[in-house]
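# Observations on chain architecture
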Amino acid sequence: VVIRAQNGELLYRISPWARYVVRDEDKVNYDWVHWNPPQSYIHKHPSPKRLKSLRIYESHVGIASPEGKVASYKNFTYNVLPRIKDLGYNCVQLMAIMEHAYYASFGYQVTSFFAASSRYGTPDDLKEMIDVAHSMGITVLLDVVHSHASKNSEDGLNKFDGTDSCFFHSGPKGNHDLWDSRLFDYANWEVLRFLLSNLRMWIEDYRFDGFRFDGVTSMLYHHHGIGTGFSGDYNEYFGLHVDEDALCYLTLANHMINFLHPECITIAEDVSGMPALCRPVAEGGGGFDYRLAMAIPDKWIQIIKELKDEDWNMGNIVHTLTNRRYEEKYIAYAESHDQALVGDKTLAFRLMDAEMYTNMSVLSPLTPIIDRGIQLHKMIRLITHSLGGESYLNFMGNEFGHPEWLDFPRKGNNESYHYARRQFNLTEDHLLRYRFLNAFDRDMNKLEERFGWLASPQAYVSEKHESNKVIAFERAGLIFIFNFHPYQSYVDYRVVDFKYKILLDSDAEEYGGHKRLDHSTEYFSEEYPHNHRPNSLMVRSFLSPFMEIPS
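Treat the numbers as computed from the prediction; the structure is a model and nothing was measured.

Basis of the calculations
- Residues numbered from 1 in each chain as written.
- Predicted model: local features only at pLDDT ≥ 70, side-chain atom pairs only at ≥ 80, totals over all residues.
- Heavy atoms only, no water.
- Helix = DSSP H or I, 4+ residues; strand = E, 2+ residues; numbered from the N terminus.
- Rg over C-alpha atoms; globule rule 2.2 N^0.38 Å.
- Buried < 20%, exposed > 50% of the residue type's maximum accessible area, 1.4 Å probe, protein only.
- Contact = heavy atoms within 4.5 Å.
- Lys, Arg positive; Asp, Glu negative; His and termini not counted.
- Charge placed at Lys NZ, Arg CZ, Asp CG, Glu CD.
- Pairing = 2+ DSSP bridges.
- Axes fitted to C-alpha atoms, helices over the stretch in contact; angles between N-to-C directions.
- Phe/Tyr/Trp six-rings, centres within 6.5 Å; stacked < 30°, edge-to-face > 60°.
- Lys NZ or Arg CZ within 6 Å of the ring centre and 35° of its normal.
- Patch = residues over 30% accessible without salt bridge, like charges linked within 9 Å, V, L, I, M, F, W, Y side chains within 5 Å.
- Areas by Shrake-Rupley, 256 points an atom, 1.4 Å probe, with all protein chains shown as cover.
- Salt bridge = Lys/Arg side-chain N within 4 Å of Asp/Glu carboxyl O.
- Expected span 1.5 Å × (residues − 1).
- Disulfide = S-S within 2.5 Å.
- UniProt positions renumbered as here; feature names shortened; annotations may be inferred.
- Parallel < 35°, antiparallel > 145°, perpendicular 65-115°, else oblique.
- Left-handed = near helix turned anticlockwise from the far one by under 90°.
- Nonpolar A, V, L, I, M, F, W, Y, C, P; charged D, E, K, R; others polar.

## Points about the overall build of the chain
Along the chain, the regular secondary structure elements total eleven helices and 21 strands. Expected size for 551 residues packed as a compact globule is a radius of gyration near 24 Å; at 25 Å, the chain falls within 12% of this value. The buried share of the chain, taken over its 551 residues, is 58%. The contacts of the chain with a sequence gap of at least 6 include a subset with a gap of at least 24, amounting to 70%. Measuring between centres, the 56 positive side-chain charges of the chain sit 2 Å from its 74 negative side-chain charges.

## As for the sheet that holds strand E18 (residues 470-475)
Read from one edge to the other, the open sheet built from three strands follows the order E17-E18-E19, with strand pairing classed as antiparallel. Lying at the two open borders of the sheet, with one neighbouring strand each, are strand E17 (460-465) and strand E19 (478-483). Between one strand and the next, the sheet's axes are offset by a mean angle of 10°, whatever the strand orientation. In the sheet, E18 pairs with E19 via six bridges, with the strands oriented antiparallel. When the sheet's bridge partners are listed, Ile-471 is paired in E19 with Phe-482.

## A few points about the packing of aromatic side chains
Across all of its chains, the model carries 34 aromatic pairs by this definition. Aromatic pair Trp-202 and Phe-208: ring centres 5.9 Å apart, planes at 80°, arrangement edge-to-face. Looking at Phe-208, the relative accessible area reads 1%, which means it is buried. If you follow Lys-127 out to its NZ or CZ, it ends over the ring of Tyr-206, 5.4 Å from the centre.

## A few points about the pairing of strand E13 (residues 265-268)
Going residue by residue along E13, you find Ile-265 and Ile-267 tucked away on one face and Thr-266 and Ala-268 tucked away on the opposite face as well. Here two bridges tie E13 to strand E14 (residues 290-292), and the two strands are oriented parallel to one another. When the bridges of E14 are listed, Ile-267 appears paired with Tyr-290.

## Concerning a nonpolar patch on the surface
On the surface, a cluster of nonpolar side chains totalling about 310 Å² of accessible area is made up of Val-2, Leu-10 and Tyr-12. Mapping Leu-10 onto the fold places it in strand E2 (residues 10-12).

## Observations concerning the side chain of Lys-469
Along the chain, Lys-469 falls in the loop between E17 and E18. Apart from the residues within four sequence positions on either side, Lys-469 is in contact with Glu-310, Asp-311, Trp-312, Met-314, Phe-482, Asn-483, Phe-484 and His-485.

## A word on helix H1 (residues 73-86)
Each full turn of the α-helix corresponds to 3.6 residues, which orients residues three or four apart in the same direction. Its 14 residues give H1 an end-to-end C-alpha distance of 19 Å, which sits within 8% of 20 Å, the value for a rise of 1.5 Å per residue. Inspection of H1 places Tyr-73, Asn-75, Phe-76, Thr-77, Val-80, Leu-81, Arg-83 and Ile-84 among the buried residues, and these make up the whole buried set. In this structure, the buried side of H1 is in contact with strand E5 (55-60), strand E6 (91-95), strand E8 (112-116), helix H2 (123-135) and helix H11 (434-451). In the stretch just after H1, Gly-88 is the one whose phi turns positive, near 90°.

## Here we look at the environment of His-319
With respect to the element layout, His-319 can be found in helix H7 (residues 314-322). Separated by 69 residues in sequence, His-319 and Gly-388 place their C-alpha atoms 9.6 Å apart.

## Looking at the state of the cysteines
Using the criterion set out here, one finds zero disulfides in the structure. With no disulfide partner, Cys-91 has as its closest neighbouring cysteine sulfur the one in Cys-264, 11 Å distant.

## Focus: the UniProt feature "active site" (unreviewed entry) in the chain
UniProt annotation of "active site" (unreviewed entry) refers to Asp-214 and Glu-269 when read in the numbering used here. The largest pairwise C-alpha distance within this set of annotated residues, which runs over 56 residues, is 5.5 Å, so the set is compact in three dimensions. Within the secondary structure layout, Asp-214 lies in the loop between strand E12 (210-213) and helix H4 (216-220). Take Asp-214: its relative accessible area is 8%, and that puts it in the buried class. Among residues more than four places away in sequence, those in contact with Asp-214 are Tyr-108, Asp-143, Val-144, Val-145, Ser-147, His-148, Met-219 and Glu-269. Given a relative accessible area of 13%, Glu-269 falls into the buried group.

## Let's talk about the sheet that holds strand E15 (residues 329-332)
Spatially, the eight strands close up into a barrel ordered E5-E6-E9-E12-E13-E14-E15-E16, and their pairing is parallel. Averaged over all neighbouring strand pairs, the angle between strand axes comes to 30°, with direction disregarded. Where H1 meets the sheet, its contacts fall on E5 and E6, and the angle it forms with E5 comes to roughly 150°. Contacting E12 and E13, helix H5 (residues 244-260) crosses the sheet at an angle of about 165° to E12.

## Topic: the environment of His-418
Locating His-418 in the fold gives a position in the loop between strand E16 (391-395) and H11. Sequence separation between His-418 and Leu-126 is 292 residues; the distance between their C-alpha atoms is 25 Å.

## Focus on the packing of helix H6 (residues 295-306) against helix H10 (residues 368-387)
A pair of packed helices is characterised by two quantities: the angle between their axes and the separation of those axes. Interaxial distance between H6 and H10 falls to 12 Å at its minimum, and their mutual angle equals 150°. Classed by the angle they form, the pair H6 and H10 counts as roughly antiparallel. Seen from above, H6 lies across H10 with right-handed handedness. Along its contact with H6, which presents Ile-296, Trp-300 and Ile-304, the element H10 presents Ile-380, Ile-383 and Thr-384. Here the contact of H6 with H10 is composed, by residue class, of five nonpolar, one polar and no charged.

## What about unusual backbone geometry?
In the Ramachandran plot, Ala-276 falls in the positive-phi region, its phi being about 70° despite a non-glycine side chain. Within the secondary structure, Ala-276 is located in the loop between E13 and E14.

Given below as structure tokens:
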């Protein structure tokens, strides 16, 4: 597109509505390619019915291979989707699909909003991938970035007409200081038309089943959440610091999606806890179906970094996992892509660190650090899954404790792909302990599929015992009992009323545990009041997660 600017200069731009853009290896910028094959891909399978709860596998197509390269839509379709299905996830959330010139931006510096990234393949390859996911009963969500845009002008939206406005606010208001990106002017009708039609295109052309809206906190407030904490006081959510234009856009987007495609799902990435953001628009809410429970991963990191095992606070853990707004649905997660990025650490790496390089083989001795890491990795994920929300999310590879961090090729690492990959092959090696974590994650999801605790009312917590380091709660007809004590096991431990048989045991041999419990035993309650319940039962053996105190 050639535009004559107000000063007479000729500007060469890519259409904001371009559906397919590519970059030759010898070029810096992307070029717009007219994509119009003789026979476009025809979807064969209907979208899955709207799910009551989500078990989300957060994914990035480009890193979804053990090989050091940019993986393809085809690879994801035929190698990764079957794995997701086997693990018991019913939803995949795709990152970095909207075209972004800079690969290392993780897809969050979008340059072409209507184009599916060509570095993984063609638009039809993506359509096929979504269609195959639907054939497996997997819901597909797009990580949509409408909170900001790349500063690129040659192959992006910035300075499209030669001014610093057009799609964005002019002056400092149009720049995000931390992200070094441009901020949309949500009061501009043409911007609203552009963004709303973008959402509709992804649903109707590609058959996405909904969206995870990125950077919602940045959109909701003029301060963009920079240098601001949120305590829950209502004054933090209502006032002149709220960007009403952005809030109206989000509400309008959710209203449009729900009106045209009521089966679609929307998720808000909001750390502030804006009240009613996840209530229907008809009630005066923001219209989102879910928000991410972003305090939970921060709490686990803080506990592991700062506290000794014997200083873990059971009440504080329970509070963090249950502290959510009434009748607003939350997606719980122990860690996401944020914790996997270079500069941070995954839970597995925080727990086991350098020993992951030397002691993850079953042929090597089970050291206290590896033992502790494997057991806590399972327990943290199960208690988050079962107590933390109405849906659950996991970033690809973290289910089996993927070693190291995630880093995309860039100048700072000599354009290396070594850390821009997921080593799924580690779970297939029976001599490595990663398979234990992988098996536990799979069976945890399958158990939720069977009993549906995510779609059940919030759990009743019957015990959070500080000195015993025990948490017990009931949800969906199940009782969950966690012993976080680093060395104390218990015999004849009393918990609340239930007929009891073990369904999932983190100490089981197939999960890398020590096989100390008899799964054939059934326990029955008796008329003995305990924790405000008339009946209770005795758990005969209630074990510390570790064999010995870590050195």
